Amino acid sequence: MDLKFKFISIEDKELFEKFFVENNVIISEYTFTNLYVWSKSRKVQYAIYKDGLIILAEYNNEKYFLPPVGFSNFSQIVLDLSDYGLKNNIKSIKRLNENEVILLKDLNKDIIDDRDNYDYLYNTKDIGLLQGKRYSGKRNLYLNFSNDYEFEFIKYNDNYKDQCLNLSKKWIENKDSNDKTLFNEYLAINELIDNTSKLSVTGYILIMDGNVKGFIFGEKLNNDTFVVHFEKADNEYRGIYQAINKIYVEKEIMDKFEFVNREQDLGIEGIRKAKESYFPVKMIKKYTLNF
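Reading the values: rules and limits
- Residues numbered from 1 in each chain as written.
- Predicted model: local features only at pLDDT ≥ 70, side-chain atom pairs only at ≥ 80, totals over all residues.
- Heavy atoms only, no water.
- Helix = DSSP H or I, 4+ residues; strand = E, 2+ residues; numbered from the N terminus.
- Rg over C-alpha atoms; globule rule 2.2 N^0.38 Å.
- Contact = heavy atoms within 4.5 Å.
- Areas by Shrake-Rupley, 256 points an atom, 1.4 Å probe, with all protein chains shown as cover.
- Lys, Arg positive; Asp, Glu negative; His and termini not counted.
- Charge placed at Lys NZ, Arg CZ, Asp CG, Glu CD.
- Buried < 20%, exposed > 50% of the residue type's maximum accessible area, 1.4 Å probe, protein only.
- Salt bridge = Lys/Arg side-chain N within 4 Å of Asp/Glu carboxyl O.

On to the overall build of the protein chain, then. Each helix and strand in the protein chain was counted, giving 11 helices and 14 strands. For 291 residues, the compact-globule formula gives about 19 Å, and the C-alpha radius of gyration of the protein chain, at 20 Å, lands near that figure. Dimensions of the protein chain, computed from the C-alpha atoms along their principal axes, are close to 60 × 40 × 35 Å. Excluding contacts between residues fewer than 6 apart, the proportion of contacts in the protein chain whose partners are at least 24 apart in sequence is 73%. Put simply, the protein chain shows about 14500 Å² of open surface, and 44% of that area lies on carbon and sulfur atoms. Computed over 42 positive and 46 negative side-chain charges, the inter-centroid distance for the protein chain is 2 Å.

Spelled out as structure tokens, the structure:
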């Protein structure tokens, strides 16, 4: 197996999106935006092999593949990657979805559940309307914020780039600066904001007194699902996150997509609790196959 890897660059966007559209991907990692903005901390590389796409990443000095895309014989390419990995110090394939695992059931490989990276999938009308008893707490926070503050919620444009970057900086300064995961997220957010005009994302910003107090960015994942990549806001304003989430889905997503994917919780208790509180209709389960 002869694989010639190259590091991902902004010029690769069209190539990646062609593979993802043709193969109706379902995991949140599989947008070009996600791969590109995290590429510095994940050292993302790719190779084209037999008309398919193979993606290699590295984190904490561990190399791993992401699921191969565009291969008719999925189990065979996984066997080939396993052999290649054992020869080249690559440990595993990560983020396999349930359908892919079913295709691998006869391979007798070590496949383990990766709960921390499950994607949370919601009905867009649930998030956009916040109707019913179970959303009463979220709805009240949103209504109180709307009544207490004057704000605008408008599409992002580069005139607000510096303010969004400053908000991102303020967010990381209020966190544990030694947390590598949070710092990598900060780098990814800044990479996205620096390249919004070149990526397929749609962003909105929340403005109060002429200043950006929150932002949210996402994009189409597949024909029925939109994925939200990042949302950050000034926590001094109670209900601001509920407002950003609701209005964004209502304005940008609800009439076009049935589901919104809000990505994973990374095993962080506070994030898990917050994502569960919006009552996902499904979890996109993911698995790791160890070589």
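There is more to say after this.
It is worth spelling out unusual backbone geometry at this point. Glycine aside, a negative phi is what most residues show, and trans is what most peptide bonds show. Phi is positive for Lys43, close to 50 degrees, though the residue is something other than glycine. Its place among the elements puts Lys43 in the loop between α3 (39–42) and β2 (45–49). The class of Lys43 is partly exposed, set by a relative accessible area of 40%. Non-glycine residue Asn61 carries a positive phi angle of around 65 degrees. Counting through the fold element by element, Asn61 comes out in the loop between β3 (52–59) and β4 (62–65).

Right, let's get into the pattern of salt bridges. Using the criterion set out here, one finds 24 salt bridges in the structure. A salt bridge links Lys286 to Glu29; the shortest N-O distance between them is 2.8 Å. Here Lys286 is found in strand β14 (residues 286–290), whereas its partner Glu29 is found in the loop between α1 (13–22) and α2 (32–37), with 257 residues between them in sequence. Here Lys286 and Glu29 have matching classes, each one buried. Glu231 is the partner of Arg262 in a salt bridge, and the nearest nitrogen-oxygen pair spans 2.6 Å. Within this pair, whereas Arg262 is found in the loop between β12 (259–261) and α11 (269–276), its partner Glu231 is found in strand β11 (residues 225–233), the two being separated by 31 residues in sequence. The exposure class of Glu231 is buried, given its relative accessible area of 17%. Salt bridges sharing partners connect three or more residues here, namely Glu29, Arg95, Asp114, Asp119 and Lys286.

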